[in-house]
Amino acid sequence: MFYYLLKYVLLGPLLRLVFRPRIEGLEHVPSSGAAIVAGNHLSFSDHFLMPAVLKRRITFLAKAEYFTGPGLKGRLTAFFFHSAGQIPVDRSGKEAGQAAIREGLGVLGKGELLGIYPEGTRSHDGRLYKGKVGVAVMALKAGVPVVPCAMIGTFEAQPPGRKIPRIHPVAIRFGEPLDFSRYAGMENEKAVLRAATDEIMYAILSLSGQEYVDQYAAVAKAADAEREAEDKRRFPRMPLS
């Protein structure tokens, strides 16, 4: 109930008013039945803008940190994300990927829409990174189509580290559903999973026009942070006189 209150009364109209998102290809999202919507991930705002424009309810797999904050603020945040259709997934440890797949298959098993960001984390520089194969595992196991989606302009509106979005033109593009029924029963084949995931990422890339990096986003982000820290050690800021 609170999901629809957010979507149609509290948050959705505000997002549409502020961002005035241009929506393309909405007809590609199935009007009924289970399906995966796989998108790029540029901003914290993505979690709310895409559901605001979809006619159906969509459930996202979200990092568990959103649900485990301390105190009253943490409890309110957890309530908000639960109400907004987010499912917490612990991304640490060896079982993290399997836990996400179980949760995702549970959503699809109920005939609902599942939202996934195959990159696994937000892009720290606006580029599109290599997709993780969990999206392909779920698509093949559940036998559902994958609708590629591109968020455009949300990185400029709310880049990492910015709490309050700035007003910036935003577009949301949905592509034609991808059918992976030709791979039925092959969800344990690594080469098949990689091929299906790359097909999904290429479809997202075609919609978004981003620069593509054949590297996982988390790895690239860590490497950039390490280089930045090294530069600070080698070239410390001189005190102002």
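Bear in mind the structure is a predicted one, so any value in this text is a computation, not a measurement.

**Some thoughts on the overall build of the protein**
- Regarding its fold elements, the protein presents 9 helices and 9 strands.
- Per element, the accessible surface of the protein, about 13,000 Å² overall, is 58% carbon and sulfur.

**Some remarks on the packing of helix α6 (residues 134-142) against helix α8 (residues 190-208)**
- Where α6 contacts α8, the two axes come as close as 8 Å, and the packing angle between them is 105 degrees. Classified by the angle between their axes, α6 and α8 sit roughly perpendicular to one another. Of the residues in α8, those in contact with Val135, Ala136, Val137 and Leu140 of α6 are Val192, Leu193, Ala196, Thr197 and Ile200.
- Grouping the constituent residues of the contact of α6 with α8 by class yields 8 nonpolar, 1 polar and no charged.

**Here's the deal with the nonpolar core**
- Judged by nonpolar contacts, the single largest core of 31 residues is most densely connected at Ile36, Leu114, Met138, Val146, Phe180 and Ile200.
- Elements represented by at least two residues in this core include exactly β2 (35-39), β4 (86-89), α5 (96-109), β5 (113-116), α6 and α8.
- With residues near it in sequence (within four places) discarded, isoleucine 36 still touches Leu108, Leu114, Ile116, Val135, Met138, Ala139, Val144, Pro145, Val146 and Val147.
- Ile58, Met151, Val170 and Phe174 belong to the second-largest nonpolar core, a separate cluster that totals 23 residues.

**Considering the packing of aromatic side chains**
- According to the stated counting rule, one finds 3 aromatic pairs in the structure shown.
- Seen in terms of ring centroids, phenylalanine 180 and tyrosine 183 are 6.4 Å apart; in terms of plane orientation they differ by 15 degrees. Their pairing is stacked.
- Here phenylalanine 180 falls in the buried class, since its relative accessible area comes to 4%.

**Some points on a nonpolar patch on the surface**
- A cluster of nonpolar residues, Leu14, Leu17, Val18 and Ile167, forms a patch on the protein surface that exposes about 390 Å² of accessible area.
- With respect to the element layout, leucine 17 can be found in helix α2 (residues 12-19).

**Re the pairing of β2**
- Of all 5 residues in β2, 5 are buried; the element is thus mostly enclosed.
- Taken together, the 4 bridges between β2 and β5 define a ladder with parallel strand orientation. When the bridges of β5 are listed, isoleucine 36 appears paired with leucine 114.

**Regarding the packing of α2 against helix α3 (residues 46-53)**
- The N-to-C vectors of α2 and α3 enclose an angle of 100 degrees; their axes lie 9 Å apart at closest approach. Classified by the interaxial angle, the pair formed by α2 and α3 is roughly perpendicular. Two secondary-structure elements touch here, α2 through Gly12, Leu15, Arg16 and Phe19 and α3 through Phe48, Leu49, Ala52 and Val53.

Cut-offs used in this document
- Residues numbered from 1 in each chain as written.
- Predicted model: local features only at pLDDT ≥ 70, side-chain atom pairs only at ≥ 80, totals over all residues.
- Heavy atoms only, no water.
- Helix = DSSP H or I, 4+ residues; strand = E, 2+ residues; numbered from the N terminus.
- Areas by Shrake-Rupley, 256 points an atom, 1.4 Å probe, with all protein chains shown as cover.
- Axes fitted to C-alpha atoms, helices over the stretch in contact; angles between N-to-C directions.
- Parallel < 35°, antiparallel > 145°, perpendicular 65-115°, else oblique.
- Contact = heavy atoms within 4.5 Å.
- Nonpolar A, V, L, I, M, F, W, Y, C, P; charged D, E, K, R; others polar.
- Core = buried A, V, L, I, M, F, W, Y, C linked by side-chain atoms within 4.5 Å.
- Buried < 20%, exposed > 50% of the residue type's maximum accessible area, 1.4 Å probe, protein only.
- Phe/Tyr/Trp six-rings, centres within 6.5 Å; stacked < 30°, edge-to-face > 60°.
- Patch = residues over 30% accessible without salt bridge, like charges linked within 9 Å, V, L, I, M, F, W, Y side chains within 5 Å.
- Salt bridge = Lys/Arg side-chain N within 4 Å of Asp/Glu carboxyl O.
- Pairing = 2+ DSSP bridges.

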